[in-house]
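Residue-level listing of the chains:
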Amino acid sequence: QVQLVESGGGLVQPGGSLRLSCEASGFTFNNYAMNWYRQAPGKERELVAGITNTGGNTNYANSVKGRFTISRDNAKNTVSLQMNNLKPEDTAVYYCNVYRGYDYWGKGTLVTVSS
């Protein structure tokens, strides 16, 4: 079965950096685009970044453009999110996602940006 396991969250000060990783299993990873979403307290889940199956194309929410970078390693079945210049408004639970006729989600990893 599809499994997505996120890691790398934590507490960081404004202006700091974190790198999230998602380890995928249970499907042919290099056939599917992958996404990172986030959900802040009291808000709806939103798309942060996406990457095509080959890694050749990426897309970002306007709020993170220039600060976040999504990447993937098809040999290791992992997708990562490098987050730089973090802001308090980036505080959220971050989820790894794949759509295979149905949305599959990991359990999420909490990122808290606070001084």
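Now for a look at the structure at hand.

Calculation rules
Residues numbered from 1 in each chain as written. Predicted model: local features only at pLDDT ≥ 70, side-chain atom pairs only at ≥ 80, totals over all residues. Heavy atoms only, no water. Core = buried A, V, L, I, M, F, W, Y, C linked by side-chain atoms within 4.5 Å. Buried < 20%, exposed > 50% of the residue type's maximum accessible area, 1.4 Å probe, protein only. Contact = heavy atoms within 4.5 Å. Pairing = 2+ DSSP bridges. Helix = DSSP H or I, 4+ residues; strand = E, 2+ residues; numbered from the N terminus. Axes fitted to C-alpha atoms, helices over the stretch in contact; angles between N-to-C directions. Disulfide = S-S within 2.5 Å.

1. Here's the deal with the nonpolar core
So, point 1. Ranked by size, the top nonpolar core spans 29 residues in total, and within it Leu 4, Met 34, Trp 36, Val 79, Leu 81, Met 83 and Tyr 94 carry the most contacts.
So, point 2. Once residues within four sequence positions are removed from consideration, Tyr 94 is found in contact with Glu 6, Leu 20, Trp 36, Tyr 37, Arg 38, Val 48, Phe 68, Leu 81, Met 83, Gly 108, Thr 109 and Val 111.

2. Considerations on the sheet that holds strand S8 (residues 78–83)
Sheet strands pair by backbone hydrogen bonding; their relative direction is either parallel or antiparallel.
So, point 1. If you trace the four strands from one edge of the open sheet to the other, you get S1-S3-S8-S7, paired in antiparallel fashion. Among the strands making up the open sheet, the edge pair consists of strand S1 (3–7) and strand S7 (68–73). Direction aside, the axes of adjacent strands within the sheet are offset by 15° on average.
So, point 2. Relative to strand S3 (residues 18–25), S1 runs antiparallel, the two sharing five bridges.

3. Notes on the state of the cysteines
So, point 1. Under the defined criterion, the tally for this structure stands at one disulfide.
So, point 2. Across the disulfide from Cys 22 sits Cys 96; the S-S distance is 2.1 Å. Judged by the sign of its S-S torsion, about -80°, the bond between Cys 22 and Cys 96 is left-handed. With a gap of 74 residues between them, Cys 22 in strand S3 and Cys 96 in strand S9 (residues 92–99) connect regions that are remote in the sequence.

4. A closer look at the environment of Leu 18
So, point 1. Topologically, Leu 18 is positioned in strand S3.
So, point 2. C-alpha separation for the pair Leu 18 and Leu 81, spaced 63 residues apart in sequence, amounts to 8.3 Å.
So, point 3. Discounting residues that sit within four places of it in the chain, Leu 18 has contacts with Gly 8, Gly 9, Gly 10, Val 12, Leu 81, Gln 82, Met 83, Leu 86 and Val 111.

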